[in-house]
Amino acid sequence: FVRQLFGSDAKKVLSFYPADTPIESGESMLTDSFYTVTADVIAEAMANRGEDVRMYHFTQKPSGPIGEVLGAFHGSELPYVGITSDHYSVPVVNPLLADQMSSYWTNFAKTGDPNAEGLPQWESMPAGASEWFVLGPEVGPAAIPKEKLNLFKPTIVADYLNGPDKFNAAH
């Protein structure tokens, strides 16, 4: 699949996703291609318009086999802001992070700014940002892996520009 989709860049793409099993690298690649790159493209567009953008990258792995296989995945941050359901029950393994995240979310809802005294400063992303805000075992700014994410952008942006009818027909 990767060789078919990325052609001569396949080896480079796979180098960003080392894993013991194809499912491990596939899950990370899927998260980046469906969620991370799309969020980055939207954040860049908003920042280019001068909007206040607060983008985060959640890195706290759930405990147990799910965390070992999938790592931090789309939606695994929800218990950290108090969202749980019968369909999704991954326990919080980092209570300090849960406290920080609930403070960020509450502050943002109240004032439009997630920051408060005692929390690591979460800056707005400027246009052309090279850093995003990481929420996980470490909290704070970190480099966006642009080289890796940019490999997916031509496919994602082309699918978006072609419209939903053409995207659905191609997939």
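Keep in mind that what you see is a predicted model, and the values were worked out from it rather than measured.

## Quick notes on helix 3 (residues 22–48)
For helix 3, which comprises 27 residues, the first-to-last C-alpha distance of 37 Å matches the rise-based estimate of 39 Å (1.5 Å per residue) to within 8%. The largest bend along helix 3 measures about 40° and falls at Asp 32. Burial in helix 3 covers these residues: Ser 25, Met 29, Thr 31, Asp 32, Ser 33, Thr 36, Val 37, Asp 40, Ala 43 and Ala 47. Gly 50 lies just past helix 3 and shows a positive phi near 85°.

## Some words on the side chain of Asn 115
Examined against the element boundaries, Asn 115 turns out to sit in the loop between helix 5 (95–111) and strand 2 (131–135). Classification of Asn 115 as buried rests on a relative accessible area of 15%. A polar contact of 2.9 Å, which involves the side chain of Asn 115, links it to the side chain of Asp 113. A polar side-chain atom of Asn 115 sits 2.6 Å from the main-chain amide nitrogen of Trp 122. Beyond its immediate chain neighbours, meaning those up to four positions away, Asn 115 contacts Arg 54, Tyr 104, Asn 107, Pro 120, Gln 121 and Trp 122.

## Section: the sheet that holds strand 3 (residues 140–143)
The strand order across the open sheet built from three strands is 1-2-3, with neighbouring strands paired in mixed fashion. Looking at the sheet topology across the chains shown, the edges are occupied by strand 1 (56–58) and strand 3. Taken over all neighbouring pairs, the strand axes of this sheet differ in orientation by 45° on average, direction set aside. Summarising the sheet, strand 1 and strand 2 pair through three bridges and their orientation is parallel. Paired with His 57 across the bridge in strand 2 is Val 134.

## Quick look at a nonpolar patch on the surface
Together, Leu 30, Phe 34 and Tyr 35 make up an exposed nonpolar region whose accessible area comes to about 300 Å². Tracing the sequence through the fold places Leu 30 in helix 3. In this structure Leu 30 comes out as partly exposed when scored by relative accessible area, which is 36%.

## Things to note about the pattern of salt bridges
Working definition: two side chains of opposite charge can pair if their charged atoms are close together. Under the criterion given, the structure shown has nine salt bridges. With its nearest N and O atoms 2.9 Å apart, the salt bridge here joins Lys 153 to Glu 44. One end of the pair, Lys 153, is in helix 7 (residues 153–170); the other, Glu 44, is in helix 3, with 109 residues separating them in the sequence. Its relative accessible area of 13% is what places Lys 153 among the buried residues. Judged by relative accessible area, which is 26%, Glu 44 ranks as partly exposed. Measuring nitrogen to oxygen at the nearest pair gives 2.4 Å for the salt bridge that ties Glu 51 to Arg 49. Among the charged side chains, a network of salt bridges with common partners joins Asp 40, Glu 44, Lys 146 and Lys 153.

## Let's talk about the environment of Glu 123
Inspection of the secondary structure assignment puts Glu 123 in the loop between helix 5 and strand 2. Using a relative accessible area of 53% as the deciding quantity, one classes Glu 123 as exposed. Excluding residues within four positions of it along the chain, Glu 123 makes contact with Val 53 and Arg 54.

## As for the nonpolar core
Ranked by size, the top nonpolar core spans 19 residues in total, and within it Val 13, Met 125 and Phe 152 carry the most contacts. Those elements giving two or more residues to this core turn out to be helix 1 (2–6), helix 2 (10–15), helix 3 and strand 2. If sequence neighbours within four positions are ignored, Phe 152 has contacts with Phe 6, Val 13, Tyr 17, Met 29, Asp 32, Ser 33 and Val 37. Within the second largest apolar cluster, ten residues are counted, among which are Tyr 80, Met 101, Trp 122 and Phe 133.

About the criteria used
- Residues numbered from 1 in each chain as written.
- Predicted model: local features only at pLDDT ≥ 70, side-chain atom pairs only at ≥ 80, totals over all residues.
- Heavy atoms only, no water.
- Helix = DSSP H or I, 4+ residues; strand = E, 2+ residues; numbered from the N terminus.
- Expected span 1.5 Å × (residues − 1).
- Bend = angle between axes of the 7 residues up to and from the residue.
- Buried < 20%, exposed > 50% of the residue type's maximum accessible area, 1.4 Å probe, protein only.
- Polar contact = N/O pair within 3.5 Å; in protein donor to acceptor, adjacent residues only side chain to side chain.
- Contact = heavy atoms within 4.5 Å.
- Pairing = 2+ DSSP bridges.
- Axes fitted to C-alpha atoms, helices over the stretch in contact; angles between N-to-C directions.
- Patch = residues over 30% accessible without salt bridge, like charges linked within 9 Å, V, L, I, M, F, W, Y side chains within 5 Å.
- Areas by Shrake-Rupley, 256 points an atom, 1.4 Å probe, with all protein chains shown as cover.
- Salt bridge = Lys/Arg side-chain N within 4 Å of Asp/Glu carboxyl O.
- Core = buried A, V, L, I, M, F, W, Y, C linked by side-chain atoms within 4.5 Å.

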